[in-house]
Every structure is written in structure tokens, then in C-alpha cells.
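# Coordinates in review
Each chain, written out:
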Amino acid sequence: MRALTPETAIGPALADAYHHLANRLAAASRAAVEAPDILLTLAPEHTGADFAFACFPLAKAWRRSPAQIAGEIAEALHAETEQEDDPWLARAEAAGPYLNLYLRRDLTTNTVLKDVGRLRETYGHSKRQDGRRVMMEYVSPNTNKPLHLGHIRNAVLGRAVANLVASQGAEVFRTDIINDRGIHIAKSMVAYLRWGAESTPETSGTKGDHFVGEYYVRFDQALRDERESWLAQQDDPDPVDERVKKKQEERFLAESELMSAARDLLQRWEAEDEDVRALWRRMNRWVYDGFDTTYSRLGIEFDRHYYESDIYRGGKAVIRDAVARGLFETADNGAIVAPLSKHPELGKNLQDKVVQRADGTGLYITQDINLATIKFRDFDLDRSIYCIGSEQNYYMQQLVATLRLLGFEWADGVFHLSYGMVYLPEGKMKSREGTVVDADDLMAELADLAKAEILERSPEISPEDLANRAEAIGLAAIVFNFLLVGRETDIQFDPKASLAFEGKTGPYLQYTYARMSSLLRKAGDWRQPSETRLTEDAEWRVVGDLLVLPAVVADAADSHDPSRLAAHLHDAAQRFNVFWHELPVLHADEPHRSSRLALVQAARTALGNGMRLLALEPIEEM
RNA sequence: GCGGCUGUAGCUCAGGUGGAUAGAGCAGGAGUUUCCUAAACUCAAGGUCGGAGGUUCGAGUCCUCCCAGCCGCGCCA
């Protein structure tokens, strides 16, 4: 059961109604509870009521059973409501220890429909976070292989949270950190130099990111072959002891000809060897062009890209300074360590973190410290969100603790938007084993399936409409599939379920929206009545979903969890479809016809707004 | 070894400071179209909420222990 408080009852009508009811209950409680402490819940469906108040907390003060209290308050409210015309409350009934509250359907409906009509595309939004400046860092790919399923979840989640935060009035900046340097890039480069000849994405007809990815895979295959023949020469090619095995692998990597070549290339890159840099720029360009294609198809946008190659050297000055101030410590071999274990106030159970290698080179966290500083400086942020998988939870705790230790006052504004992993039916995705689901492939596959479904229903459709509609439907299926499950929940990616267009899916929402649109198109001239007549249960449930939408959006934004909104949109669409099935609209008599049309129009606005926040494209026809 | 997370219907998942009869979707079963889009709607069936204790008027939710699985753990990114 969803609990509401005066703070979470967002939305023009809902806030009014809530405060009114809270005041009346507080008065009826004879000062046992103050209005701001009143906790109302949305009543369970089987009661038929709208709000409920649980009387347990009053039992002590009143020295009576919750059921008796519910009865007495109901009576008190009833007596008062008889005397004056209450704008919200129709009646109150005791049901055991609960007090069920029923809203006045006529007045509530008119108020809500007016709100939606007035606010239109901003209905459901709020201004609670006006003036806040928030950064969303998401996707953040490596430049050695194409985007896959995991990136899609990241992109879809990060975008939805960014939209939700923006819907609350904050200004949101979307960025990524591109890992464009390091040994993984050097591997692709070695492979390209050896086996690429003069081939390019153009001459081979391959998308740039896939083109480079193929050389990365090629390197790995060659390395595997090299390892095999190397192991064959060892005394014990397959040690049982894991530690021995690990040592052996380390020895192999140190002796490997291929790895030496990659390390050599990386060193020349670091030394700014012009030949190496030129090749690096060329190959990265190919990858970025490929990424752009994928992003544009997915509808992902950025305000600013940060590149690891630009920032990886920074951060050392901060570290030197921290050592001088005694915040960081130097280990025996010269490595620099953030002594997090000595500062439990920065985070529980944190171990010390090495922030600089013994040889003086930086680590991932070195540049993360630098990047965090740059972001706050560049954008004057209140909050900096990192959309990164849950496997980095511990690392992110260490990062935040390190930033706090360094004394950055903005460190509390750093937030790790953690999300669950994506598993395939056969387990974890491994690019080396080829068990990845490619982002481009998935989008193409879903669009094809959507195409087939559309042609079955509308064989007459024009090729252009077909392509556009298939794209919108296919993408909605993917996006909703990822947004419906809770943010922290690991996803078992089921290809079959993601291909479905029925039930709890994006296309279901689109279909409902298309039905609404179709109805309004066919309505001809009609005028919104000043007083609507909507009293049927099926109508009232649709009104209820409108009433609650702003609170749901605010809640999803505050918890950074789009699944709250996704679930609400599905439920609301379902209730609309029941209304559709049970009650005629165009064929109804006045005043029902125009009243229902007004309801459909408002429901369409609300559903469309909710869908756009999640980046599900509302479409007019299906 | 240590830290964190997860375990709810055949499958995939919801379940918000403990509170009314634990809810969806899919799969399987039975239906609904002379009527506004059947990508819809209705009904039936399906659950010892991993196990055992405990706290409480009340536990899927809190505490302890156990079992199973996943993620991570100072010079990888």
C-alpha cells in the first residue's frame, strides 16, 4: 500500500485534497495528531475507497481500540460534512481499524481535468527543484568495441532518470567519460597494424565501432593461440592450484610477444609518438562515428563528452597536495594510499585505496578524482550522478569517501546511480566468448519484428509510415523492457520476452495511446463541458490515475527509479482499457459523450507525458 | 577469509517509515468482436513469500542463525 505524506502528495489537485483531508483528520483526532504527521494511504482496490487512514497510531493516546477510533472519527467527520459543503470529502466509513475516505467524484474530476487542460505537456512535472544544477554521466563506453545490451540498460536508465530529475525543475547536463586510452585500445591497434592492411570501415562496409571491435577480438584470439603454445612448453600446463595458475598467467603476459607489442604501442602513445597518435585518432574516429549512429537510433544525447586521454594525467597535483597535508600516506614501495580504514566516519567497512602506483603512474581513481573536480568546476553543480553498474558499488563508495577525505565540500553531491547487471539465459555476457547481445543487432531485430506485426494489421501502410512506426514500436519494446524492473534488480534478459508486444510492454502503452488518439480524431466537433458527468467506477479509476500522476513522477525522480513510473503507466493504461471496453464514448448520449471525451483527452495527455519522460514515443496510430 | 546484494506462482518480476484478502505480465485453461483499434477485455486455476528461531496486537517487510546463488575486496579498467 502506498503511503502519502503532505510532502509527497505532489500535484495541484492531490496536494489540495491531501492537505484538506489531513486538516480535517487532525481536527477530528482531538489534537492527538498534527496535520503534517497524518499519513494517508491509497486505499486498496477491493475497498472501493480512495484514501485510507490507519487508526493504530491513535490507540495509545485515545486508550481505545483502533476499530473504535475509526468509528468515532467517521461519525465526527460525517456530522461536520453534513453541516457544510466539503470540497473534497464525500464520506468516511470505518472498516475495522481503518477509516476509508471517499472523494467527491464530481468536484475532483472537474478540478483534475481543468489542471491537465491548463498544464498540458507539463502536467505531472513540478518546480520543486528549480535552480538545481545536476549532471548525469552515463553510458561511458570503451572505444575498443561496439555497444551491447549492458550499455543499453545504462543508457535507457540514465536517460530516464535525467528526464525525471529535469521534470522536477532541475537543469540537467548529460555527459559521458570516454575511455579512449589504455591497453585495450593498444590491442586493437596492434591487431589492425598486423592484419588490417589498408582496410577501413568504408572499404569493408563495416560500421566503425564494429570494425575496430573485430580487431580487438582478433587480438584476443591470437593471444589465446600464443598462450596455448606457450603453455605446452611449460612443465605443468594446467596447474590445479589457482594461485599457481594465476602466477603462470602473469608470467605468460609478461613474456607474450603480442602483449609486448601492445605495451610498446601504449608507451609510444604516452610519449606522444606522432605515428601512433595518428593511428589512434583515426581508429577512435571510426568508433565515434559508429557510436553516433547507435546513439541517434536510440535517441541518446550528450551535452558534453569527457575523454580519458584529456584528463588521465590530472589528479596528481591533488594527490601530491594531499600527501603534503598528511591526508594520504606513502607505502614502503612508494605507492600512495588513501587511508580510508582510519576514517570510519567517511564510510563503513572501507579498506585503504591505492591512488597512485609505486612507479608514479595514475590509476582509474586518480583520474576519477580529477574528473569529479572538473565537472563541478565546469558546470557549477549541486549534484553529480554516475550511472554505473552495481558491480562498482564498493569502488564508488571508496571514491566518494576519498573525495570527502580530500575535503571537497561538493563531495556530498556525488551520487552513484547503481543498477543491476544484465544476464543472458546462458549467464553473464562475455565479449571474449562472443556471448554479447549487440545493441545495433537488437534494435534492428525488434524493428523487423514490429514491421511484421504492423503489416499483418495494416497491409496498406506506406513504406515510410511502416519504417517509422516499426522503429518507434521496436524501441519502445526494448526501453520498457529495461525500465519496468526495479533499478537495482539484476535482469535476466529473455530474448523472447523482450520481443513481445503484448502485456506489460512498451507497445501496450503505445497501443493504448493510439486508441485514445483515434477516438479524439473521430470525435468531430465537441466542447469540453464546464461540469463533467463522470461517476462510473471505470471512469473514476481513470481520474484517480490522473490525480496521482504528479506524485508518482516526483517519487520516481526522488528515488531515481523509473520503474515506479513505468509500473504506474502500465496500470493506468490497463484501467483505461477497461473503461474503453465497458463504456461507449462516441456512441454515448450527452452529457456522457463530451464528458468522456474530455476524460480521454486528459488521459492521453497524462499517458503521453509519462511516456516521454521514459523516452517511449507516443504514436498516433498502430 | 572479509564486505555487499539476492531468494515471492511453472517463467520474469512488483510488493514504499511492519497493518485490510501477498499482486502483475508471460506460459497453460475457458470465454468476449453486427459497437469508438482484439497489440484489447473477462473468468477460472496457480504461492508453507529459501529454511529455522525470535520481537510484535499484527511479519514477505525488523533481529539472529543456517542454506543456495550473484557481485566485489590497496598498485586492472
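All figures in this text were calculated on a predicted structure; none of them were measured in a lab.

Reading guide: rules and limits
- Every chain begins its residue count from 1, and numbering advances along the sequence as written.
- Each chain takes a letter, starting from A, and each ligand takes a number, starting from 1, following the order in which they are written.
- A pLDDT threshold of at least 70 governs which residues receive local features in this predicted model, and a stricter bar of 80 or more applies before side-chain atom pairs are shown or counted, although totals over entire chains, interfaces and linings include all residues.
- In computing side-chain properties, one takes all heavy atoms of the structure into account and sets aside hydrogens as well as water.
- Here the axes come from fitting lines to C-alpha atoms, over the contacting stretch only for helices, and the angles between their N-to-C directions go from 0 to 180 degrees.
- Every helix listed is a DSSP run of H or I at least four residues long, and every strand listed is a run of E at least two residues long, numbered separately from the N terminus.
- Angular relationships are summarised with four words: roughly parallel below 35 degrees, roughly antiparallel beyond 145, roughly perpendicular across 65 to 115, and oblique for the angles in between.
- Any two residues whose heavy atoms approach within 4.5 Å at even a single point are treated as in contact.
- Amino acids outside the nonpolar list (Ala, Val, Leu, Ile, Met, Phe, Trp, Tyr, Cys, Pro) and the charged list (Asp, Glu, Lys, Arg) are all regarded as polar, and Gly is one of them.
- Grid spacing is 1 Å over the protein atoms alone, the probe is 1.4 Å, and a cavity is where that probe fits but cannot get out, while a pocket is an open set with protein on both sides within 12 Å along at least five of seven lines and lining residues have an atom within 4 Å of a point.
- Grid points are joined across faces, edges and corners, and a volume is the space filled by probe spheres set on the points.
- An automatic or database domain assignment is the source of the domain bounds shown.
- Each residue is assigned to one of three classes by its accessible area relative to the maximum for its type, calculated with a 1.4 Å probe on protein chains only: buried under 20%, partly exposed between the two thresholds, exposed over 50%.
- Pairing of aromatic rings covers Phe, Tyr and Trp, the last through its six-membered ring, and needs centres within 6.5 Å; plane angles under 30 degrees mean stacked, over 60 mean edge-to-face, and all others mean tilted.
- Lysine and arginine charges are scored as sitting over a ring when NZ or CZ, respectively, is within 6 Å of the ring centre and within 35 degrees of the ring normal.
- Strand pairing is assigned whenever DSSP identifies at least 2 bridges connecting the two strands.

### With respect to the packing of helix H8 (residues 208-232) against helix H11 (residues 274-298)
At their nearest, the axes of H8 and H11 sit 6 Å apart, and the two run at 130° to each other. Comparing the axis directions of H8 and H11 gives the class oblique. Taken together, the residues of H11 that come into contact with H8 (itself represented by Gly208, Asp209, Phe211 and Val212) are Met283, Trp286, Val287, Gly290, Phe291 and Thr294. Considering only residue class, the contact of H8 with H11 consists of six nonpolar, three polar and one charged.

### Let's talk about the layout of surface pockets
Roughly 1,000 Å³ of internal volume is contained in the largest pocket. His148, His151, Glu391, Gln392 and Tyr419 are, among the 31 residues lining the largest pocket, the residues nearest its centre. Counting residues per element, the ones that place at least two in the lining of the largest pocket are helix H5 (149-167), helix H14 (364-379), strand S12 (383-389) and helix H15 (393-405). Per-element tally for the lining of the largest pocket: the top contributor is S12, with four residues. Along the lines of polarity and charge, the residues of the lining of the largest pocket split into 14 nonpolar, 11 polar and six charged.

### A look at the domain arrangement of chain A
When cut into domains, chain A gives domain 1 (12-103), domain 2 (182-304) and domain 3 (451-613). Look at where the C-alpha atoms of domain 2 and domain 3 centre, and you get two points 46 Å apart.

### Focus on unusual backbone geometry
Looking along the chain, the bond that leaves glutamate 590 and enters proline 591 is cis, with omega of 5°. Note on placement: proline 591 falls in the loop between helix H21 (562-582) and helix H22 (592-613). Phi at valine 139 takes a positive value of approximately 65°, unusual for a residue other than glycine. Tracing the backbone shows valine 139 in the loop between strand S6 (133-137) and H5. Residue classification places valine 139 among the buried positions, given a relative accessible area of 6%.

### Here we look at the packing of aromatic side chains
The geometry of an aromatic ring pair comes down to the distance between the two centres and the angle between the two planes. All chains considered together, the criterion is met by 20 aromatic pairs. Pairing tyrosine 138 with phenylalanine 302 gives two aromatic rings, centres 5.1 Å apart and planes at 50°, and the pair type is tilted. Of this pair, tyrosine 138 sits in the loop between S6 and H5 while phenylalanine 302 sits in the loop between H11 and strand S8 (304-307), and the two are 164 residues apart along the sequence. Aromatic rings pair up to connect Tyr138, Phe291, Tyr295 and Phe302 into one cluster. Its end group placed over the ring of tryptophan 269, arginine 277 keeps NZ or CZ at 3.8 Å from the ring centre.

### Section: the sheet that holds strand S16 (residues 491-492)
Spatially, three strands are ordered S15-S14-S16 in an open sheet, and the strand pairing comes out mixed. At either margin of the open sheet sits one strand with a lone partner, and together these are strand S15 (427-428) and S16. Across two bridges, the pairing between strand S14 (residues 422-424) and S16 is parallel. The residue bridging tyrosine 423 from the neighbouring strand is glutamine 492, located in S16.

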